[in-house]
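Single-letter residue listing:
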Amino acid sequence: MIEVQKLVKRYGVFTAVDDVSFAVQPGEVLGFLGPNGAGKSTTMKMIAGFLSPTSGTARVCGFDVQEQPIQAKRVLGYLPEGAPSYGEMTVRAFLRFVADLRGMGVAQTRVRMDEVVGRLGLERVLEQPIETLSKGFKRRVGLAQAILHDPPVLILDEPTDGLDPNQKHEVRALIQSMARDKIILISTHILEEVHAVCQRAVIIARGKVLADAPPAELESRSRYHGAVSLTTANTVSVKEGLARIEGVASVEIDPQDGRITAFPRAGQLIWERINGFIQDQQITVSEMQLERGRLDEVFRQITTTQEMRA
Ligand code: ADP
């Protein structure tokens, strides 16, 4: 388990992390979301033991990161922001070096090297110096060193940063496959990533936790939750018709693509009624969708409300 209690980090008078508390349970992938400069990396560095907090505590599998640093680091794999490593070393030499630092024996090193090299697709770059690798491969080497000792807890700072869409997909699948028996904290500013891999999302801005909930619950706070969007040729008359349906609060037309969205009144289910209306009126609809809510909108709302208050 990761337990963070009242973590604070100040740089002079500036508070980068302001009284942050949360816990991550086994089998859970927690997404740490926030705009740039929100305090995500600083929080992760404190949990990983790379930075001392001004106050507050972080515990990993019961070990206090400050008071029992060796035990805490043993159970932890950490992918830092940008994944710095030794550029002149080859990938193989670097991973061997990490295995040595971790005190892994020869047999364990061989088994784990094979495992992570295969999982991260590093076979063809094993003998290449790290500084000559593309950003995507450097990121994969960073991930490889984080999981080499098969730790129960993983802290991954922007794990898919710099990867192309296929590589992003692969790394997300890797995180999902590890999630079953590990505790994983990932930071990201990519909202679709939260859907793809996280059971819970903590939204942080200006160093403070502003929300802590499953992605679906955050989406249900969106005004799009339960709205019905459709595309049809006859926008103006359909808009008027939809606005008269019971339970519909308002109807908007997207000026960019002409898509019509009908928003429900609180607690009203409008999908069936709109469907019935479309059939009765014999309206041709090229596509129609029940919106589950838009995380990007909720994210913007939560983080900018905070900005405005500050
Ligand atoms: P994020 O990872 O969410 O983008 P960071 O944790 O990197 O944010 O940074 C949080 C805030 O702390 C930023 O405003 C950043 O400029 C500031 N900060 C980070 N490191 C230092 C430092 N060593 N000295 C002063 N300010 C810092």
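Presented here is an overview of the structure given in this document. Predicted model, so just to flag it, every value in this text is computed and none were measured. Think of each chain on its own: its residues are numbered from 1, step by step along the sequence as written. Where local features are concerned, this predicted model is filtered to residues with pLDDT of at least 70; where side-chain atom pairs are given and counted, the filter is 80 or more; whole-chain, interface and lining totals use all residues. Water and hydrogen atoms were dropped before computing side-chain values, which therefore reflect all heavy atoms in the structure.

### Details of the packing of aromatic side chains
Next, step 1: Centre distance within 6.5 Å is the pairing criterion for rings of Phe, Tyr and Trp, where only the six-membered ring of Trp is used; planes under 30 degrees apart are then read as stacked, over 60 as edge-to-face, and the remainder as tilted. The final tally for this structure, using the stated rule, is five aromatic pairs.
Next, step 2: Between F22 and F32 the ring centres are 5.3 Å apart and the planes differ by 50°, which places this aromatic pair in the tilted class. Here F22 is found in strand β2 (residues 14-24), whereas its partner F32 is found in strand β3 (residues 29-33), with 10 residues between them in sequence. You'll find F22 and F32 in the same group, each marked buried.
Next, step 3: Ring centres of Y224 and F263 lie 5.2 Å apart, and the angle between their planes is 65°; on these two criteria the pair is classed as edge-to-face. Residue Y224 is found in the loop between α8 (215-219) and β11 (228-232), and its partner F263 is found in strand β13 (residues 260-264); the two are separated by 39 residues along the sequence. Neither Y224 nor F263 differs from the other in exposure class; each is buried.
Next, step 4: Linked through ring pairs, Y86, F94 and F97 together constitute an aromatic cluster. Secondary structure counts use DSSP, requiring at least four H or I residues in a row for a helix and at least two E residues in a row for a strand, with both numbered from the N terminus. Exposure classes here rest on a 1.4 Å probe applied to the protein chains alone. A residue is buried below 20% of its type maximum, exposed above 50%, and partly exposed in between.

### Comments concerning the sheet that holds β3
Sheet strands line up and pair through hydrogen bonds in the backbone, either parallel or antiparallel.
Next, step 1: Paired strands, as defined in this entry, are two strands with at least two bridges between them according to DSSP. Ordered by their spatial adjacency, six strands build an open sheet running β6-β7-β8-β3-β9-β10, and the pairing between neighbours is mixed. Edge strands, defined here as strands with exactly one partner in the open sheet, are β6 (76-79) and β10 (208-213). With strand direction ignored, the average angle separating the axes of adjacent strands in the sheet is 15°.
Next, step 2: Note that strand β7 (residues 153-157) and strand β8 (residues 183-188) share five bridges and pair parallel. The residue of β8 that forms the bridge with L154 is I184.
Next, step 3: Contacts between residues were defined by any pair of non-hydrogen atoms, one from each residue, lying within 4.5 Å. Working convention: axes come from line fits to C-alpha atoms, limited for helices to the stretch in contact. Angles between N-to-C directions cover 0 to 180 degrees. Running over the sheet, helix α1 (residues 40-47) touches β3, β6, β7, β8 and β9 (200-205) and is turned about 155° from β8.
Next, step 4: Relative to the sheet, helix α5 (residues 135-147) contacts β6 and β7, its axis offset from that of β6 by approximately 165°.

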